[in-house]
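Chain residues, written in single-letter form:
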Amino acid sequence: MNDIRGLLRLAIATLLLCLLLAMLIAPWPGGPTGLESFAAINEALFGRYALAFEILAVLLLAALIGALLLARKEGPRP
Amino acid sequence: MTTFPLAAYLGLSAVLFVLGAYGLLISRNGIKILMCIEILLNSANLNLVAFAAYHRDALGYVMAMFSIGLAVAEAAVGLSILIALFRLKRRIDVDWLRSLKG
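Our subject in this report is the structure included herewith. (Residues numbered from 1 in each chain as written. Chains lettered and ligands numbered in written order. Predicted model: local features only at pLDDT ≥ 70, side-chain atom pairs only at ≥ 80, totals over all residues.)

Let's talk about the overall build of chain A
In terms of helices and strands, chain A carries 3 helices and 0 strands. Along chain A, helices (α) and strands (β) appear in the sequence α-α-α when read from the amino end. Counting the 78 residues in chain A, one finds 0% classified as buried. (Helix = DSSP H or I, 4+ residues; strand = E, 2+ residues; numbered from the N terminus. Buried ≥ 20, exposed ≤ 12 C-beta atoms within 10 Å, placed from the backbone.)

Comments concerning the packing of helix α3 (residues 50-70) of chain A against helix α3 (residues 59-89) of chain B
With their axes 9 Å apart at the nearest point, α3(A) and α3(B) run at an angle of 10 degrees to one another. Accordingly, the angle class assigned to the pair α3(A) and α3(B) is roughly parallel. Where α3(A) abuts α3(B), its residues A52(A), L56(A), L59(A), L60(A), A63(A), L64(A), G66(A), A67(A) and L70(A) lie against F66(B), G69(B), V72(B), A73(B), A76(B), V77(B), S80(B), I81(B) and A84(B). Taken together, the residues of the contact of α3(A) with α3(B) sort by class into 15 nonpolar, 3 polar and no charged. (Axes fitted to C-alpha atoms, helices over the stretch in contact; angles between N-to-C directions. Parallel < 35°, antiparallel > 145°, perpendicular 65-115°, else oblique. Contact = placed C-beta atoms within 7 Å. Nonpolar A, V, L, I, M, F, W, Y, C, P; charged D, E, K, R; others polar.)

This is the structure in structure tokens:
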């Protein structure tokens, strides 16, 4: 178990090093940074992606009902 | 308002991702596993928002909002499953869940 854990630490450290190295090597041209406007987010969220927004609302409702059913006092009824 | 370069956000996101992955692989506590999943998802969200601000595109923010909603649903279901398991065996670690082991 201990050598597996050491190997895991080594792999994770290698992953972090690779990520940081790739981030430093890749060229990021100095483009504009910063939020354009909240209106753009608003139009995208409620205009083009309104259907996905509604589906997300239904998903949240389903998750809420499922969580209530699973965590009830007497458990899920058979 | 000070603005940081894109690489700062990417570095923070990489560090968060590695922290979450390491905790996810190493921990046996169910609550800890859920928290590590949240850290992973938040590092991905940070990447999305950083690139959206970098390209001045609103799609990244919208994707981050959807990702946050999915993370909320996942956390609710995961926590309720953990509560059900705790009621079953009075244990919170996930070592004993070996019914599907081949």
